[in-house]
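Architecture and fold: a report
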Amino acid sequence: IYFDITFPIHDIELRQNSSHGIQHTPLSDADLDKPATDMNLTEMVIKFQCNPFEWDIDVSRSEGIRVRNVFEAIYAAFQVPLTSDEKDLIPHHRRATYEEACRLRCKLAAEPIVEQSQALKRVDMLLHETFFHGLTQSKSEGDWQLDV
């Protein structure tokens, strides 16, 4: 699965090697509507830590959480503009690096002017580490950890 959390979930692809190179196939609605886990979870907490930031992503669906719900929640969580308190956590010597990540995101966005007006977002704090690598659960029934 190729999911750059900078972009909406309709951009998620399956990428597979073939004799003709890498095949890019959009993730189907059938795949997105599969249960997210083997258990029929109705609530999930996904933890994410990227010093000095730490965020929880809550996912819930009374009929059972689907893959779509997880990806939508992850995407939405990282589209949140930084609060002034979060901006204060950015080390002064790293600020220019995060601002450059913001400029690049805005340049690649479908609506660059709208993105620029929202300034620094959580996704910018990831710099170029924006690809979804999965979720891990440290113990049964516990919270999940987002790997990017």
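On a predicted model such as this, the values are computed, not experimentally measured, just so you know.

Thoughts on the side chain of Thr 37
Tracing the backbone through its elements, the reader meets Thr 37 in the loop between helix 1 (29-32) and strand 3 (43-50). At a separation of 2.5 Å, a polar atom in the side chain of Thr 37 contacts the main-chain carbonyl oxygen of Met 39. Every residue in contact with Thr 37, bar those within four places of it in the chain, is listed here: Met 44 and Trp 144.

With respect to the confidence of the model for the protein
Looking at the protein as a whole, its pLDDT mean stands at 93, while 100% of the residues score no less than 70. Ranking the helices and strands of the protein by mean pLDDT puts helix 2 (residues 67-78) first, with 98, and helix 5 (residues 112-118) last, with 81.

Thoughts on the pairing of strand 6 (residues 144-147)
Only one face of strand 6 is buried, namely the one carrying Trp 144 and Leu 146, since none of Gln 145 and Asp 147 on the opposite face is buried. As defined by bridge partners, strand 3 adjoins strand 6 across two bridges and the pair is classed as parallel. Residue Lys 47 lies in a different strand from strand 6, and its bridge partner there is Gln 145. Two strands pair when backbone bridges link them, and strand 5 (residues 134-137) and strand 6 are joined in this way by four bridges, in the antiparallel orientation. By the bridge assignment for strand 6, Gly 134 is matched with Asp 147. Connecting strand 5 to the antiparallel partner strand 6 that follows it, the hairpin turn spans six residues, and Glu 141 within it adopts a positive phi of roughly 70 degrees.

Conventions we followed
Residues numbered from 1 in each chain as written. Predicted model: local features only at pLDDT ≥ 70, side-chain atom pairs only at ≥ 80, totals over all residues. Heavy atoms only, no water. Helix = DSSP H or I, 4+ residues; strand = E, 2+ residues; numbered from the N terminus. Polar contact = N/O pair within 3.5 Å; in protein donor to acceptor, adjacent residues only side chain to side chain. Contact = heavy atoms within 4.5 Å. pLDDT = per-residue confidence, 0-100. Buried < 20%, exposed > 50% of the residue type's maximum accessible area, 1.4 Å probe, protein only. Pairing = 2+ DSSP bridges.

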